[in-house]
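Spelled out, the chains give:
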Amino acid sequence: MTDNEDQVAGLLLAAGGGRRLGGRPKALLEHRGHLLVEHAAEVLRAAGCARVHVVLGARAREVRTRAALAGCVLVDNPEWERGMGTSLRAGLASLAGTGARAALVSLVDQPGIGAEAVARVHAGYRDETSLVSAAYAGVRGHPVLLGAAHWAGVTATATGDRGARAYLREHEGDIALVECGDVARPYDIDTEADLRHLE
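The structure displayed is predicted, hence computed values, not measured ones. (Residues numbered from 1 in each chain as written. Predicted model: local features only at pLDDT ≥ 70, side-chain atom pairs only at ≥ 80, totals over all residues. Heavy atoms only, no water.)

*Asks:* Would you explain helix α2 (residues 36–46) in this entry?
*Replies:* Note on helix geometry: an α-helix contains 3.6 residues per turn, so any two residues three or four positions apart are oriented the same way. With eight of 11 residues buried, α2 is to be regarded as a mostly interior element. A positive backbone phi angle near 115 degrees is found at Gly48, which sits one or two residues after α2. (Buried < 20%, exposed > 50% of the residue type's maximum accessible area, 1.4 Å probe, protein only. Helix = DSSP H or I, 4+ residues; strand = E, 2+ residues; numbered from the N terminus.)

Following this line, the structure appears as C-alpha cells:
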C-alpha cells in the first residue's frame, strides 16, 4: 500500500431515499448486475482507496443485508432525511482517528463516473491542505477530495442538500481542478427519466 492509498480514504455518500424516484433508495438500484452502492464502492477501491467508508440512511438495514460491501466501513446517518449535508458530516466524523489525511468524496448516484476519473482526482492529493475536484468542460463536479485540514470548515457549513458546496465556493481559489470530461459522464440518477442510464 502506498502512502497515498493509506492517507486518502474513500467516502461514499449513499444515504438518499430517492424521493423523486418514488421513494426507491439510490443505493439499492441496479447497474450492470450490481447494486449502485456496490458499484460506487468498487470504483473508489479501483481508484486507489484502500479504506472506504459508506454512509447509509434510507433503508440502511436492507442495504446492509443485500449489498456486498465486505471491507467497507458502514456508517449510519440517522438524520439522512435532512439532506446530503448530514451524510457528509457523518462520513467525515467517521474518519476521525483513522489516520486518513484526506477524504475522496463520491456520490452513489453517479455511475457514469468511473475509476479512471476518480483516480485522477485521487492523484491530486498532496497533503492535508489539498482541495481537488473533478471538472467537466471546466465546470467543477464530483468526486471531490477534501484534505483533513478542511474537514472542520466543511462540517460547519454542510447543511441541507448542499454538502460541501458553500465551503468550496468560499475556497474556490484553492481548488485544483482535474478535467475528467474525456473519461466520465457526470449525470445523476435523480428522476424516473434518469433510470435510462442504468444498464
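*Asks:* Would you mind showing me how to read the environment of Ala27 here?
*Replies:* Tracing the sequence through the fold places Ala27 in the loop between β1 (8–14) and β2 (30–31). Assessed through its relative accessible area of 1%, Ala27 is described here as buried. As for Ala27 and Leu13, which are separated by 14 residues in sequence, their C-alpha atoms are 9.3 Å apart. For Ala27, the residues in contact, after removing those within four places along its chain, are Ala14, Leu35, Leu36, Val37, Val63 and Val108. (Contact = heavy atoms within 4.5 Å.)

*Asks:* Explain the environment of Gly83 here, please?
*Replies:* Its location among the elements puts Gly83 in the loop between β5 (73–76) and α4 (84–95). Distance in space between the C-alpha atoms of Gly83 and Val178 is 27 Å, their sequence separation being 95 residues. The residues touching Gly83, leaving out its near neighbours within four places in the chain, are Gly160 and Asp161.

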